[in-house]
Amino acid sequence: MKKRVSLILASVLSLVTLFSGCNGGGSSTTNTTAGADTTQAVDTTVAPNTTVAENTTQETSAKLVIGLVTDQGGVNDKSFNQSASTGIDNAVNDFGVEKKIIESKKKEDYEQNLKAFITNKADLICAVGFMMSDAVTNVSKQNPDSKFLYIDGVVDSPNVLNVTFKENEGSYLMGIIAAKMSKSNKIGFIGGVEGELIGRFEAGFAAGVKSINADAGALLENRTLVKYAGSFDDSQKGKELAKSLIDEGCDVIYHAAGGVGIGMFQAVQEARKDEKEVWAIGVDMDQAVTLPDYKDFIISSMMKRVDTATYTATKDLVNNSLVTGKHVELGLKEDGVGIAPTTKDIVPQDILDLVDKYTNAIKEGKFSVPATNEEVKAFTAPTI
């Protein structure tokens, strides 16, 4: 337990250092504090196709306002968006800031949703999702005095702090676990929207499986057991895809698909009721915790510390130390990705020990984890 707590603290401290460091063309921050003047609540008529939520747990007074624009998965996706929101919730409790959320219904809403927080003078606007690149670029350049945190993408604006993750590194560890837990030698992957970012999850996972089980790895490398939903919120599609993978013999399935993954968990649950030994792997948050109804068969989750990113950026804003105009990339070495604490509840210790060995090898630079399918095909599994 002490080891787990130490890892979490190390994660927060390392990200604080990275976020506050000055590299790139950082824009100056204004002299605002937690008691700075702010404006009225978000006017929902600015973004008619969205819903707005608030979290104001502190006493009613003028506060720094943190605006969060989610992608289509919504704030209650039990994954990516929820992690971003949780980080701000923690900042609300620690620093007395105010959180406002606009949940996007479709990608065409992104730009007007960001502009809604310009109109209502949010002190930091958090945009989460790689599909927001054009919207963040346009709105940030049109509003140079506003500050933005952009998660999962990089735009060239002096008033934007860009934070991305080495999802391939964390997913590699999921591949190690999946390969060791599988009995059928068939392991599946479900992605949300196909592209460079989710491709890193897929590639890292395939490489990890390949490192332990060449036959199972080949089925992922050739994309035979890889499915994409074309969505981050269609749980029914996730259920259909997972059922098809189970029908093909998969006994471990990893998703990187936001709310789509809930459907995957439902399919695995039904399969287990039919006495099929199928395991699931979650993503972004510890989904054995966020989705407790499925905890008995979620062997692990790839933790992506979006919560620490939003929390640290908010903390730096409060302390007048937020540096924008730069890109921070977080992997295993920076404790930006990793395995969920509940992994130990199901996965045997010898497998966890093996995961630790691979983790240390990656941190020490002994090998690089593939980030694309082409790199997986050229990848030679290291001897650990």
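Look above for the structure.
Q: Just checking my understanding: could you explain the sheet that holds strand β9 (residues 252-256) for this structure?
A: In a beta sheet, neighbouring strands are held together by backbone hydrogen bonds and run either parallel or antiparallel to one another. Here we have six strands laid out as an open sheet, ordered β8-β7-β9-β10-β11-β13, and mixed in their pairing. Since the sheet does not close on itself, it has two edges, and those belong to β8 (226-228) and β13 (337-339), each with one partner. Ignoring strand direction, the axes of neighbouring strands in this sheet form an average angle of 15°. Inspection of the sheet shows strand β7 (residues 187-191) paired to β9 by five bridges, in the parallel sense. In the sheet register, glycine 188 faces β9, and the bridge partner there is isoleucine 253. Along the sheet, helix α6 (residues 196-212) makes contact with β7, β8, β9, β10 (279-284) and β11 (298-304), crossing β7 at roughly 170°. In the packing of helix α9 (residues 260-273) onto the sheet, the strands contacted are β7, β9, β10 and β11, and the crossing angle to β10 comes to about 165°.

Q: How should I be thinking about helix α8 (residues 235-247) in this particular structure?
A: An α-helix turns once per 3.6 residues; consequently, residues spaced three or four apart project the same way. Taking 1.5 Å per residue, 13 residues should reach 18 Å; α8 reaches 18 Å between its end C-alpha atoms and fits that length. Within the span of α8, buried status applies to Gly238, Lys239, Leu241, Ala242, Leu245 and Ile246. Each element contacted by the buried residues of α8 is listed here: β7, β8, β9 and α9. Backbone geometry just after α8 places glycine 249 at a positive phi near 105°.

Q: Just checking my understanding: could you explain helix α11 (residues 306-318) for this structure?
A: When the terminal C-alpha atoms of α11 are compared, their 19 Å separation across 13 residues agrees well with the 18 Å that a helix rising 1.5 Å per residue should span. Here α11 lies mainly inside the structure; twelve of its 13 residues are buried. Those residues of α11 not exposed but buried are Val306, Asp307, Thr308, Ala309, Thr310, Tyr311, Thr312, Ala313, Thr314, Asp316, Leu317 and Val318. Asparagine 320 sits one or two positions beyond α11 and adopts a positive phi of about 60°.

Procedures and definitions
Residues numbered from 1 in each chain as written. Predicted model: local features only at pLDDT ≥ 70, side-chain atom pairs only at ≥ 80, totals over all residues. Heavy atoms only, no water. Pairing = 2+ DSSP bridges. Helix = DSSP H or I, 4+ residues; strand = E, 2+ residues; numbered from the N terminus. Axes fitted to C-alpha atoms, helices over the stretch in contact; angles between N-to-C directions. Contact = heavy atoms within 4.5 Å. Expected span 1.5 Å × (residues − 1). Buried < 20%, exposed > 50% of the residue type's maximum accessible area, 1.4 Å probe, protein only.

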